[in-house]
Amino acid sequence: MIGLVALVLLPRSSGEERAQAPAHPRTPSPKPSAAPLRATAESARKVKANEAGLVPVIMYHRIVPKRRASIDRTPDQLRKELERLAKGGYVPITAAELVARKIDIPAGTHPVVLTFDDGHPSHFAMDQNGMPKNDTAVGVIYEIAAKYPNFRPTATFWVNRDPFGLRDRERQRQAVKWLLDHGFEVANHTYAHPDLRRLSNSKVSEQIVRQERLLKKIGVPGSTTMALPYGSRPRKLSRAHDGKWDGGEYHFDGVFLAGAEPVVSPYAKSFPRFAIPRIQSNGKQGECRRWCTTYWLDWLDKHPRERYTSDGDPARVSVPRKLRATLSPARAKSVITY
């Protein structure tokens, strides 16, 4: 796991040279067709479906014109990486959808989870027309989605006490409402971004409960996922996903680490629900030689049978016959093998 340093927030870039996002951004969940696809062994074989395969969960921090830390990315770097994903047949889903096994993407495509930590202003901001600003994370996501219709415009934002750099409660509500209305996930990253390993059990729960209370005040009904600051797990591991403090409580269906490698399918017996690894968005220099997106996306391109490939039917799980035993028994009645 990669150790991460604390971040100093930078002013956001206006990025006025880029084209604006579409006037009416499409939501990431189109209406289902009248006759949804029903997978068969033949159709699964045709697209080489493997729903026991690896899923890249990508970790982003600041999106800034000039990088000041190794984990920063520029808008152009984000744009280039998302375009690579779109061309490679990857379709974004949220972290909540991953852990809930709600992976509804076209046959032959691959899920990817785009995650943004800390709620930085470069992730989401509105222009004077009420649209995502150019060169913010959301603006770039919509830009790529406009070019590649199968690239579902969605992502997960794990935020702290000032979501997207906003301190005014009403502006926080407006930002959250826009994101939730357009299919994005906003969830818990603790109130003050501490290293949970250094805190007592009570202080760990306090940080998480305080953030849950804030999120509910600004329109998030309740987080089902959370990301650990710095990827640091509390001494009592269960406090990361279940706890109580001052009359409040929390329960998360999935807890995410900082950076390492793709995660196994949520249908797999070995799915690490409360220690889900992520991949840092970066090149292959220095410590990222084996742990960042350039390495892992190259590796998945070279080993296509190792990655998750959808059968196009969210009600069934299709895998090569030899992988049947790796699946959770809970999915036994809906498995297709070939």
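Above this text you will find the structure in question.
Here goes a summary of the coordinates provided.

Reading the values: rules and limits
- Residues numbered from 1 in each chain as written.
- Predicted model: local features only at pLDDT ≥ 70, side-chain atom pairs only at ≥ 80, totals over all residues.
- Heavy atoms only, no water.
- Phe/Tyr/Trp six-rings, centres within 6.5 Å; stacked < 30°, edge-to-face > 60°.
- Helix = DSSP H or I, 4+ residues; strand = E, 2+ residues; numbered from the N terminus.
- Buried < 20%, exposed > 50% of the residue type's maximum accessible area, 1.4 Å probe, protein only.
- Lys NZ or Arg CZ within 6 Å of the ring centre and 35° of its normal.
- Axes fitted to C-alpha atoms, helices over the stretch in contact; angles between N-to-C directions.
- Left-handed = near helix turned anticlockwise from the far one by under 90°.
- Contact = heavy atoms within 4.5 Å.
- Nonpolar A, V, L, I, M, F, W, Y, C, P; charged D, E, K, R; others polar.
- Core = buried A, V, L, I, M, F, W, Y, C linked by side-chain atoms within 4.5 Å.
- Expected span 1.5 Å × (residues − 1).

Details of the packing of aromatic side chains
Counting across every chain of the model gives 14 aromatic pairs. Both rings, one in Tyr-142 and one in Trp-178, keep their centres 6.0 Å apart while their planes meet at 80 degrees; by these two values the pair is edge-to-face. Here Tyr-142, found in helix α4 (residues 137–147), pairs with Trp-178, found in helix α5 (residues 169–181); they are 36 residues apart in sequence, far enough to count as distant. Judged on exposure class, the residue Tyr-142 and its partner Trp-178 are both buried. Taken together, the ring pairs in this structure connect Tyr-60, Phe-116, Phe-124, Tyr-142, Phe-157, Phe-164, Trp-178 and Phe-184 into an aromatic cluster. The lysine or arginine in question, Arg-210, covers the ring of Tyr-191, its NZ or CZ lying 4.1 Å from the ring centre.

Regarding the packing of helix α2 (residues 75–87) against α4
One can describe the packing of α2 onto α4 by two numbers: an axis separation of 10 Å at closest approach and a directional angle of 35 degrees. Between α2 and α4 lies a crossing of right-handed hand. Contacts between α2 and α4 involve Pro-75, Leu-78, Arg-79, Leu-82, Glu-83 and Ala-86 from the first element and Ala-137, Val-140, Ile-141, Glu-143, Ile-144 and Lys-147 from the second. Class assignment of the residues belonging to the contact of α2 with α4 gives a composition of eight nonpolar, no polar and four charged.

Re the nonpolar core
Of all hydrophobic cores here, the largest spans 39 residues; its most connected members are Leu-82, Leu-85, Leu-114, Phe-116, Phe-157, Leu-179 and Phe-184. Listing elements by their share of this core, those giving two or more residues are β1 (57–60), α2, β3 (110–118), α4, β4 (156–159), α5, α6 (201–217) and α7 (293–302). Apart from residues no more than four positions distant in its own chain, Leu-82 is found in contact with Tyr-60, Leu-114, Val-140, Ile-141, Ile-144 and Phe-151. If you look at the next biggest cluster of nonpolar residues, it comprises 24 residues, including Val-91, Val-99, Phe-256 and Val-263.

Some remarks on α2
Helix length check: α2 (13 residues) gives 18 Å between terminal C-alpha atoms against 18 Å at 1.5 Å per residue, within 8%. Looking at the buried residues of α2, the elements they touch are β1, β2 (90–93), β3, α4 and α7.

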